[in-house]
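Below are the chains, spelled out letter by letter.
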Amino acid sequence: MRAKGWRELIREDFWPPPFCPGCGHGILMGAIMRAIVQTGLDPSRVALVAGIGCAGWIPTYIACDTLHTPHGRAIPHAAGIALTRPDLRVIVIGGDGDLSSIGGNHLIHAARRDLPLTVLCANNAIYGMTGGQTSPTTPPGERTATAPRGVGERPFDLCALVAGAGAGFVARGTVVRPQALEGLLGKALGHPGFSFVEVLTPCPTQVGRRKGLSPVDHLRTLGERTVPLARWRTLPSEERAARIPVGILRGGDEEGSWT
Amino acid sequence: MDERVLIQGNEAVARGAIHAGCRFFAGYPITPSSEIMHCMARTLPEVGGVFFQAEDEIAALAACVGASWAGFKSMTATSGPGFSLMQEEIGYAVMTETPVVIVDVGRAGPSTGQATKPAQGDYLQARFGSHGDYELVVLSAWSVEEAYRETVRAFNIAEELRCPVVLLLDEAVGHLREDAALVPLPVTERRKGPLGGRYFGPTPEGVAPMPPFGSGARLHVTGSTHDPTGRRMTQDPRVQGELVAWLSEKVLGRREELFRYEAWDVDDAELVLVSWGISARAARAAQLQLRQQGYPVGLFRPITLWPLAPAVLTEVLGDREVLVVEMNRGQLAHELSAMLGPERIRTLTVTDGRVISPGRVAEAALAALEGRG
């Protein structure tokens, strides 16, 4: 039976969630709950699977069947559920470290196989829970606990990575625009094969504090850096390099390059 | 299904799995276990099951755990290098009380070692390989028919105890072709209800029911420390203490009934050979020959490799001298020494990638008898 409202999706016994003040994961959690309601899914037929990290805690607080797995391994567990139970909608939620570093091999193979999974990556470009170490998406030059002189490596563009591996639906949103994010999640849930949504979100504790950014300024900066794909395409190339396109990048109405 | 067939040990494992109700297999290619995967790939779609070739062994066992929570009896098969990769997920299956069967067809290690040569070097890894304190069940087989039977038993124990069960074979049994009777055996079904809100131990009723995902239970399953409802409780010493004790005691508490073995000519023996898997076949040949020559030698063959039942060992072996025969550097001997005392344990160990020969066992047994004076 479909849920009448998102409050039905709160796992009250386990409430409240443990996220830091200013963290975007609560906004993402709310967007997931509302997207489940709006797409008309029966919460008892939704399986949420997560690995380890702050984002891996999101399913714990949502009243569906939830599997909290070892670090990086959410996707293969989800594969076991999705392959045996086509009647269930399987959603994977993880952070950038979980899904693209330790779990990176699983991510690209799930995209290649076109497994019927919706993978949501809460990308805050840092290892938050373990103390602010460099992740595969930390921008070059950022100072982290493990790159005190600045990151010298290139980051992954996660959307390009999974698109290159064959994902049929790829989108990027931010927690700064929760309604747009909810719309992207709904479209991803409606896609029959592998769908991927990168969700840009701030880590006020491990990034904001280090940079001297208040949680509000952190969100504002993220909002200013991101531009809807259609508008991003109209920007002069030097400005495009400084901005991040958001929206449906593959599988929507507007196909084309975003890198 | 009641047939005599000439098949390979690895095929017998697949036949046993299908008989036991296994409907999901995930694996990654590795010698000498791949035939199990080939058989499952052929058979599962014909019986309404699902086969999945994973990107690595970690993903293979992870997919099995996911499928198990989706309500499907699941199995993976591998060999030493893949078994090492699976240790992370074995711990997760223990902590989440997930029934799953892992077949490790042993080859000579360490590392890549000899991919096509038999060994029994994974015994202690099967028992101790993942981090933290836990217990699981380890079974073995010395013949093709027993590979079939013990695979069925592995599934039944996994369901009864809600824990991973390891079936330890070796390359020789896995690739051995011989006559086997594949008889129908009792099968334990998943206990899926009632939906009472307590889905993890410890519960007063023992092992909790395991409703599959999608049944309306809206379960939370976590590898973090949790209470019987599944709620994460990582700061409470009582919850951690009780959970860890439960995960071990639910296995050890059944050690007598889990412990299956065979014994020959032990009662009047002065020396008892103790051996498992393919080594036990060499030990049996040597023991028969020595008996014919009038030497007081018996054989004890554990089929359940873990948990061992000290009470049974003491009862059967008495205070007799023991010669442990195995294709490793004394791994079962290590456990027996701890249980029976090291003074009476001698070992014949072979780690050159060859099946131990009856001649060497007989030689070692005679030396042991002489050594007693």
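Described in the following lines is the structure provided in the data block. All values reported here derive from a predicted model rather than from experimental measurement.

If you tally the helices and strands in chain B, you get 13 helices and 16 strands. Against the 2.2 N^0.38 benchmark of 21 Å for 373 residues, chain B shows a C-alpha radius of gyration of 21 Å, consistent with a compact globule. C-alpha atoms of chain B, sized along the principal axes, occupy 70 × 45 × 40 Å. Taking as baseline every contact in chain B between residues at least 6 positions apart, the subset at least 24 positions apart corresponds to 77%. Accessible surface computed for chain B: about 13300 Å², of which carbon and sulfur atoms make up 49%. Treating the 35 positive side-chain charges of chain B as one cloud and the 46 negative ones as another, the clouds have centres 3 Å apart.

Before going further, it helps to spend a moment on the interface of chain A and chain B. It is common to report an interface's size as the accessible area lost on association of the parts. Contacts between the two partners involve 32 residues from chain A, matched on the other side by 37 residues from chain B. Interface of chain A and chain B: buried area, both sides summed, is about 2900 Å²; carbon and sulfur atoms make up 57% of it. Of all residues in chain A, Asp-65, His-68 and Thr-84 of chain A give up the largest surface area on contact with chain B, accounting jointly for 19% of the area buried on that side. Inspection of the chain A/chain B interface yields two salt bridges.

Moving on: the sheet that holds strand 8 (residues 244-250) of chain A. The strand order across the open sheet built from nine strands is 7(A)-8(A)-5(A)-6(A)-4(A)-3(A)-1(A)-2(A)-10(B), with neighbouring strands paired in mixed fashion. Only two strands of the sheet have a single neighbouring strand rather than two, namely strand 7 (226-228) of chain A together with strand 10 (220-222) of chain B. For this sheet, the mean inter-axis angle between neighbouring strands, taken without regard to orientation, is 20 degrees. Pairing analysis gives four bridges linking strand 1 (residues 46-50) of chain A to strand 2 (residues 65-68) of chain A, with the strands arranged parallel. If you follow Ala-50 of chain A over to strand 2 of chain A, its bridge partner there is His-68 of chain A. Packed on one face of the sheet, helix 6 (residues 178-190) of chain A meets strand 3 (89-95), strand 4 (117-123), strand 5 (169-174), strand 6 (195-200) and strand 8 of chain A and runs near 165 degrees to strand 5 of chain A.

Core analysis: the largest hydrophobic core is formed by 99 residues, its most contacted members being Leu-117, Phe-194 and Phe-196 of chain A. Among the elements that take part in this core, helix 3 (residues 57-69) of chain B stands out by supplying eight residues, more than any other. Both of domain 1 (3-182) and domain 2 (262-371) of chain B provide at least three residues apiece to this core. In this structure, Phe-196 of chain A is in contact with Leu-107, Val-119, Cys-121, Leu-158, Cys-159, Val-162, Phe-169, Val-170 and Ala-171 of chain A, ignoring residues within four places of it in sequence. The next biggest cluster of nonpolar side chains, apart from the first, holds 67 residues, and it includes Phe-25, Ala-154, Leu-182 and Leu-299 of chain B.

The next subject is unusual backbone geometry. All names here are of chain B. Cis peptide bonds are those with omega within 30 degrees of zero, and the linkage from Gly-109 to Pro-110 qualifies with 0 degrees. Along the polypeptide, Pro-110 turns up in the loop between strand 5 (100-108) and strand 6 (114-118). Here the residue pair Gly-201 and Pro-202 is connected by a cis peptide bond, since its omega of -5 degrees sits within 30 degrees of zero. Counting through the fold element by element, Pro-202 comes out in the loop between strand 9 (177-182) and strand 10. Phi at Arg-218 is positive, roughly 45 degrees, even though this residue is not glycine. Within the secondary structure, Arg-218 is located in the loop between strand 9 and strand 10. Take Arg-218: its relative accessible area is 26%, and that puts it in the partly exposed class. Look at Asp-265: it is not a glycine, yet its phi comes out positive at around 50 degrees. Within the element layout of this structure, Asp-265 appears in the loop between strand 11 (261-264) and strand 12 (271-275).

Before going further, it helps to examine the sheet that holds strand 13 (residues 297-302) of chain B. All names here are of chain B. What the five strands build is an open sheet, ordered 11-13-12-15-16; its pairing is mixed. With partners counted over all chains shown, the strands left at the sheet margins are strand 11 and strand 16 (345-349), one partner each. Taken over all neighbouring pairs, the strand axes of this sheet differ in orientation by 20 degrees on average, direction set aside. In terms of strand pairing, strand 12 meets strand 13 through four bridges, oriented parallel. Opposite Val-274, over in strand 13, you have Phe-300 as the bridge partner. Contacts from helix 10 (residues 277-292) reach strand 11, strand 12, strand 13 and strand 15 (321-326) within the one sheet, and its direction differs from that of strand 13 by about 160 degrees. Docked against the sheet, helix 12 (residues 331-340) engages strand 12, strand 13, strand 15 and strand 16, running at close to 155 degrees with respect to strand 15.

Basis of the calculations
- Residues numbered from 1 in each chain as written.
- Chains lettered and ligands numbered in written order.
- Predicted model: local features only at pLDDT ≥ 70, side-chain atom pairs only at ≥ 80, totals over all residues.
- Heavy atoms only, no water.
- Helix = DSSP H or I, 4+ residues; strand = E, 2+ residues; numbered from the N terminus.
- Rg over C-alpha atoms; globule rule 2.2 N^0.38 Å.
- Contact = heavy atoms within 4.5 Å.
- Areas by Shrake-Rupley, 256 points an atom, 1.4 Å probe, with all protein chains shown as cover.
- Lys, Arg positive; Asp, Glu negative; His and termini not counted.
- Charge placed at Lys NZ, Arg CZ, Asp CG, Glu CD.
- Buried area = accessible area lost by both parts, 1.4 Å probe.
- Salt bridge = Lys/Arg side-chain N within 4 Å of Asp/Glu carboxyl O.
- Pairing = 2+ DSSP bridges.
- Axes fitted to C-alpha atoms, helices over the stretch in contact; angles between N-to-C directions.
- Core = buried A, V, L, I, M, F, W, Y, C linked by side-chain atoms within 4.5 Å.
- Buried < 20%, exposed > 50% of the residue type's maximum accessible area, 1.4 Å probe, protein only.
- Domains from an automatic or database assignment.

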